[in-house]
Amino acid sequence: MSASVTVGVSLKTYFGHARARAWFAEIAPRLRAHPAVADGRVRVFVIPTYLQIADAVAAFAGSPVRVGAQDVSAYPAGAFTGEVTASELAEVSVTVVEIGHAERRRLFDETDHVTAAKATAAVEHGLTPVLCIGEAEHLGASAAALANVEQLAVNLEGVPTGPVIVAYEPVWAIGAAEPAPDAHIVAVCRALRAALDADPARAGSTVIYGGAAGPGLLARLDGVESGAVDGLFLGRFAHDPDALLSVVDEAAALATVSPLTPGGAP
Ligand SMILES: O=C(CO)COP(=O)(O)O
């Protein structure tokens, strides 16, 4: 596994306001007290709804846990009713923004062109895009790898230099009972990592997997090929705080070097 391992959570719109606040109140002290989170071996981000962002920022203040948004406007400030700009998100301490989730592509007609425009707005305002890509149909691992590398290129077209978090989420695994097969995940993530490594504009980028991800998966993926996947993007299986903390423990066991110790990654 990598020097540091990323564990991201999207709450989608599963939680109402009160439940989100209760969840933040339960997990924030546990993450703050976790040595691998404190020293950067495990990098956690949490993406609640827009209306829950202020509470999340307050709950995680003073800890390395980053707070994100589930979408961002491709437009600047101005006459764009209903949008939330990258500049305002940055102003309220959001540092990562999810872009192009399969649900947004399917239900809100977001095209690759739109996601590239949103990623551009994010990078221009110092926000790290969590760029979600993934094949819609069941494909073999090598065909899926090819399709995802192509989708990544289109989604990054014109996006200014800067690291991105690529969230590989096969559409058919989102909301499913089980994640994609381990070898499939490893093959696609390895191809995405190679594509990012070949592009100096994306230095420092990471590749994480989402789609029914939960406890046990990171260790299994590491068993297939150590270091092919930089972490997980959790949905439903983070609702239980114990399950989230158990994924963080697994990530800690796989993170080989602390970024904050000599010889660690920056
Ligand atoms: O879409 C996802 C995370 O963004 C995955 O959701 P589930 O883990 O609930 O399938």
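Residues numbered from 1 in each chain as written. Predicted model: local features only at pLDDT ≥ 70, side-chain atom pairs only at ≥ 80, totals over all residues. Heavy atoms only, no water.

Trainee: For the packing of aromatic side chains, give the residues involved together with the corresponding values.
Mentor: Across all of its chains, the model carries six aromatic pairs by this definition. Consider the rings of Phe-15 and Trp-23, whose centres lie 6.1 Å apart with planes at 65°: the pair is edge-to-face. The same class applies to Phe-15 as to Trp-23, namely buried. Ring centres of Phe-24 and Phe-60 lie 6.0 Å apart, and the angle between their planes is 65°; on these two criteria the pair is classed as edge-to-face. (Phe/Tyr/Trp six-rings, centres within 6.5 Å; stacked < 30°, edge-to-face > 60°. Buried < 20%, exposed > 50% of the residue type's maximum accessible area, 1.4 Å probe, protein only.)

Trainee: How would you summarise the environment of Val-248 if you had to cite specific residues and measurements?
Mentor: Among the structural elements, Val-248 can be located in helix H10 (residues 241-254). Once the C-alpha coordinates of Val-248 and Ser-10 are considered, the two residues, 238 residues apart in sequence, prove to be 15 Å apart. (Helix = DSSP H or I, 4+ residues; strand = E, 2+ residues; numbered from the N terminus.)

Trainee: Can you break down the environment of Ile-185 residue by residue, with the values?
Mentor: The residue Ile-185 is located in helix H8 (residues 182-197) in this model. Each C-alpha atom, one on Ile-185 and one on Ala-38, is 28 Å from the other, the two residues being 147 residues apart in sequence.

Trainee: Talk me through the nonpolar core; I want residue IDs and the actual numbers.
Mentor: Judged by nonpolar contacts, the single largest core of 71 residues is most densely connected at Phe-60, Tyr-209 and Leu-244. In terms of residue count, the dominant contributor to this core is H10 (seven residues). For Phe-60, the contacting residues outside a window of four places in its chain are Phe-24, Ile-27, Ala-28, Leu-31, Arg-32, Val-46, Val-65 and Val-67. Val-96, Cys-132, Ile-208 and Phe-233 belong to the second largest nonpolar core, which has nine residues in total. (Core = buried A, V, L, I, M, F, W, Y, C linked by side-chain atoms within 4.5 Å. Contact = heavy atoms within 4.5 Å.)

Trainee: How would you explain the pattern of salt bridges if you had to name every residue and give the values?
Mentor: Side chains that differ in charge, positive against negative, can pair when their charged atoms come close. On inspection of all chains with the given rule, the structure shows 14 salt bridges. The residue Arg-30 makes a salt bridge to Glu-26 at a minimum N-O spacing of 3.4 Å. Here Glu-26 and Arg-30 lie together in helix H1 (residues 17-32), a separation of four residues that amounts to about one turn. Arg-30 sits in the partly exposed class, given a relative accessible area of 30%. Classification of Glu-26 by relative accessible area gives partly exposed; the value is 40%. Here Asp-182 makes a salt bridge to Arg-220, at a shortest N to O gap of 3.0 Å. Highlighted residues: Asp-182 in helix H8 and Arg-220 in helix H9 (residues 217-224), separated in sequence by 38 residues. (Salt bridge = Lys/Arg side-chain N within 4 Å of Asp/Glu carboxyl O.)

Trainee: I'd like to hear about the pairing of strand E4 (residues 96-99), residue by residue, with values.
Mentor: The side chains of a regular strand alternate, residue by residue, between the two faces of the sheet. Along E4, one buried face is formed by Val-96 and Glu-98 and the opposite face, lined by Val-97 and Ile-99, is buried too. Judged from the two bridges that link them, strand E3 (residues 66-69) and E4 form a sheet pairing that is parallel. Each residue of the ladder has a partner; that of Gly-68, found in E4, is Val-96. The parallel pair E3 and E4 is bridged by helix H4 (residues 86-91), and the resulting crossover is right-handed. Summarising the sheet, E4 and strand E5 (residues 128-133) pair through four bridges and their orientation is parallel. Bridge pairing in E5 places Val-97 opposite Pro-129. (Pairing = 2+ DSSP bridges. Right-handed = clockwise from strand over helix to strand, strands pointing away.)

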